[in-house]
Number of protein chains: 2
Amino acid sequence: MTPRLPTFADVTAARARIEGVAHRTPVLTSRTLDARVGARVFLKGEHLQRMGAFKFRGAYNTLAAMEPGVRSKGIVAFSSGNHAQAVALASRLFGVRSTIVMPANAPHAKLAATEGYGATVVRYDPAESRREELARRIQQETGASLVPPFDHADVIAGQGTAAAELIEDVGPLDMLLACVGGGGLLSGTAVAAKTMSPACRVIGVEPELGDDITRSFRTKALVTLPKPPATIADGARTLSAGELTFKLVCALVDEMVTVPDTALVEAVRFAMLTMKQVMEPTGVLALAAVLGGAVKPAAGARVGVIVSGGNCDATMLQWILAGGAGAPPNG
Amino acid sequence: MTPRLPTFADVTAARARIEGVAHRTPVLTSRTLDARVGARVFLKGEHLQRMGAFKFRGAYNTLAAMEPGVRSKGIVAFSSGNHAQAVALASRLFGVRSTIVMPANAPHAKLAATEGYGATVVRYDPAESRREELARRIQQETGASLVPPFDHADVIAGQGTAAAELIEDVGPLDMLLACVGGGGLLSGTAVAAKTMSPACRVIGVEPELGDDITRSFRTKALVTLPKPPATIADGARTLSAGELTFKLVCALVDEMVTVPDTALVEAVRFAMLTMKQVMEPTGVLALAAVLGGAVKPAAGARVGVIVSGGNCDATMLQWILAGGAGAPPNG
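Residues numbered from 1 in each chain as written. Chains lettered and ligands numbered in written order. Predicted model: local features only at pLDDT ≥ 70, side-chain atom pairs only at ≥ 80, totals over all residues. Heavy atoms only, no water.

Looking now at the relation of the copies chain B and chain A. After a rotation of 180° and a shift along the axis of 0.0 Å, chain B superposes on chain A with an RMSD of 0.0 Å. On this basis, the relationship between the two copies can be described by a two-fold rotation axis. Taken as a fraction of all interface residues of chain B, those also at the interface in chain A reach 100%, which identifies the copy contact as same-surface. (Least-squares fit on C-alpha atoms with pLDDT ≥ 70 in both. Contact = heavy atoms within 4.5 Å.)

Here the focus is the domain arrangement of chain A. All names here are of chain A. Assigned domains within chain A: domain 1 (8–54 + 152–321) and domain 2 (56–146). Between domain 1 and domain 2, the C-alpha centre-to-centre distance is 23 Å. Facing the 27 residues of domain 1 at the interface are 19 residues of domain 2. With both chains or domains summed, domain 1 and domain 2 bury close to 2000 Å², and 54% of this area falls on carbon and sulfur atoms. For the domain 1 face of the interface with domain 2, the top three residues by lost area are Arg-17, Met-51 and Asp-313, together amounting to 31%. (Domains from an automatic or database assignment. Buried area = accessible area lost by both parts, 1.4 Å probe.)

As a further point, take the side chain of Ser79(B). All names here are of chain B. If you trace the backbone, Ser-79 turns up in the loop between β3 (75–78) and α5 (82–94). At 3.1 Å, the side chain of Ser-79 and the backbone nitrogen of Ala-84 are in polar contact. Residues in contact with Ser-79, not counting those within four places in the same chain, are Ala-84, Val-101, Met-102, Pro-103 and Arg-131. (Helix = DSSP H or I, 4+ residues; strand = E, 2+ residues; numbered from the N terminus. Polar contact = N/O pair within 3.5 Å; in protein donor to acceptor, adjacent residues only side chain to side chain.)

Turning next to the packing of helix α12 (residues 261–273) of chain A against helix α13 (residues 285–292) of chain A. All names here are of chain A. Running from N to C, α12 and α13 cross one another at 95°; their axes reach a closest spacing of 9 Å. Accordingly, the angle class assigned to the pair α12 and α13 is roughly perpendicular. Touching Ala-263, Leu-264, Ala-267 and Phe-270 of α12 are Leu-285, Leu-287, Ala-288 and Leu-291, all from α13. The residue inventory of the contact of α12 with α13, partitioned by class, reads eight nonpolar, no polar and no charged. (Axes fitted to C-alpha atoms, helices over the stretch in contact; angles between N-to-C directions. Parallel < 35°, antiparallel > 145°, perpendicular 65-115°, else oblique. Nonpolar A, V, L, I, M, F, W, Y, C, P; charged D, E, K, R; others polar.)

Okay, the interface of chain B and chain A next. The interface of chain B with chain A comprises 22 residues on the first partner and 22 residues on the second. Carbon and sulfur atoms make up 58% of the area that chain B and chain A hide from each other, which totals about 1600 Å². Between the two partners, chain B and chain A, sit zero salt bridges. Summed over the shared surface of chain B and chain A, the number is nine residue pairs in polar contact (both at pLDDT 80 or more). Among the secondary structure elements, those contributing two or more residues to the side of chain B that touches chain A are α12 (261–273) and α14 (314–321) of chain B. Per-element tally for the side of chain B that touches chain A: the top contributor is α14(B), with four residues. Here the side of chain B that touches chain A is composed, by residue class, of eleven nonpolar, seven polar and four charged. (Salt bridge = Lys/Arg side-chain N within 4 Å of Asp/Glu carboxyl O.)

We now examine the packing of aromatic side chains. Applying the stated criterion across every chain yields a total of four aromatic pairs over all chains. Measuring from centroid to centroid gives 5.5 Å for Phe56(B) and Tyr60(B), while their planes differ by 40°, and the two rings are tilted. Here Phe56(B) and its partner Tyr60(B) are both found in helix α3 (residues 55–65), four residues apart, which amounts to about one turn of the helix. Here Phe56(B) matches Tyr60(B) in class, with each residue buried. Relative to Phe94(B), the ring of Tyr60(B) has its centre 4.8 Å away and its plane inclined at 25°; by these criteria the two rings are stacked. Of the two residues, Tyr60(B) sits in helix α3 while Phe94(B) sits in helix α5, which places them 34 residues apart along the sequence. Three or more aromatic residues joined by ring pairs form one cluster here, namely Phe56(A), Tyr60(A) and Phe94(A). The cationic tip of Lys220(A) hangs over the ring face of Phe217(A); the distance from NZ or CZ to the ring centre is 4.0 Å. (Phe/Tyr/Trp six-rings, centres within 6.5 Å; stacked < 30°, edge-to-face > 60°. Buried < 20%, exposed > 50% of the residue type's maximum accessible area, 1.4 Å probe, protein only. Lys NZ or Arg CZ within 6 Å of the ring centre and 35° of its normal.)

What follows deals with the sheet that holds strand β5 (residues 120–124) of chain B. All names here are of chain B. Read across the open sheet, the four strands follow the order β5-β4-β3-β6; overall the sheet is parallel. Two strands close off the open sheet at either side, each with one partner strand: β5 and β6 (145–146). Here β3 pairs with strand β4 (residues 98–103) via four bridges, running parallel. Bridge assignment links Ile-75 to a residue of β4, and that residue is Ser-98. Strand contacts of α5: β3 and β4, with the helix running at about 170° to β4, the strand carrying the most contacts. (Pairing = 2+ DSSP bridges.)

Attention now goes to the environment of Leu5(A). Residue and element names in this part refer to chain A. With respect to the element layout, Leu-5 can be found in the segment before α1 (8–18). Sequence-wise, Leu-5 and Glu-255 are 250 residues apart; in three dimensions their C-alpha atoms are separated by 20 Å. Setting aside residues up to four positions removed in sequence, Leu-5 forms contacts with Asp-10, Leu-244, Lys-247 and Leu-248.

Below, the structure is given as structure tokens:
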């Protein structure tokens, strides 16, 4: 059976499911940012979402769309970070058990938060075992349902609700940028934007060190990285797009760009020192693209930027505030 | 001539003057914070105000209330930090020259930002000269008007607009906490709250190391510290209340409490890691009082907390993220 591609109707259905549960996060603006970019920039603040990232939208939507009898058998997920917390929190809100397979070297804040939301965390050594296999084994043993991190119609539709809210709040955009790990946020963003603001250019942003989807987009052939890239954007250490996200990115996205980790450091510092906001390195990929010049909007253009998350260890924030020289604390 | 005490009508007039110029800052809430405090806490986010602190309200209101012929001769101010930036920005918006007398050891971010807003900064060594005298000399030489940091009816009325907005946004409060340097914010807060939410207890919060107004409030005699206290709350290094703020605090405030610098470190960390907000040490005095237990609201009480600012050097934020052990970088 071919997996189902999500449509705008799925985003609309997701909005109804998450309403009153997910935060309708604020749109942040900055005179300093606008002056630097030469455009009007609207930041969708998903670092202020429940559990600190957009991932809650997709996870909650997926659980909400399940048959109650299926959902009650429990949930399994594998994730290096925010998807773990998202599934853990969504499961707790539905009163069902969750088991999360996480790499042992995931940021401490994310491991602790996932357990804090009541999930059972199964740690694995990424050099020795594949998380997909571990998750599938747990699934088979317990009857639990797997909520994949990005390659699922309900997950993608849920992530698309952030862009839908942004466009509803600020009106049509000239361009809209989203960060890219496995492509779930970008795919959902594109599905929402292409209906709500058809002239809007949708742009995906990856770290230079993890440019698999940029290359897949340009060659129209799915590129898979040999190993997780050593970027500080820990949410973008995925090896490749999924079947659905590859199709959606190729069909709906206008451009893919990459930014170096140094631009992520600069963007996190800008967010902290100028905007007084704590955003994680993965969370500022799209912001870094406009701040660092990887994307150059026309003068006065209306630019949407999805800030995807704000969960960052204190040690990583210290390293960034110190200027980001040398090896990062969580490389 | 006895200086004029501000009334609620002055706060109302200030609101009209700053409307569309100052940000109506958001009210921030946190499930985690509410759970820790056992109350409903509403944070008024003045770290998101223009120039990064509530001080813009009082400075802009004071300039707006001046006769244009007086204002055009220029503005002088002395300040260790945020008042400097506030007067510099307000002066620029009115197109008038400003000269700011600042201690040479003020946080670098605040010195640079003040110059960035177009002010002429006169640095002085706090061990060798008194800033009031320097400011007065400039005033006499140029004909400029002095905008004092807190002891002025228009400054106090301007600061009171933050509490007025908060109460208008969330409704009556059981208690409302504000940080205290010279008492301008607390005085304005009390003037606003006692009319708009008469049953609300108004509480001022000082650093333990700089408890002059707490002692003045308790003894009803103006206490002056012999030298600036060595607290990391650099905005609360004032030596004493002013004539007006002493009167208003004694007349309208219900309670004064102090918090140790360790509680400020904890509160800044909480704001960054849990709420994803960057607040400066002075800015979290009131938050630290509820987080650390210096003030214990009744279960389910509605508690307002004014977060006064977010301007903090990267080095100070690093030190705080590292746990705040040893000597602070800007002591």
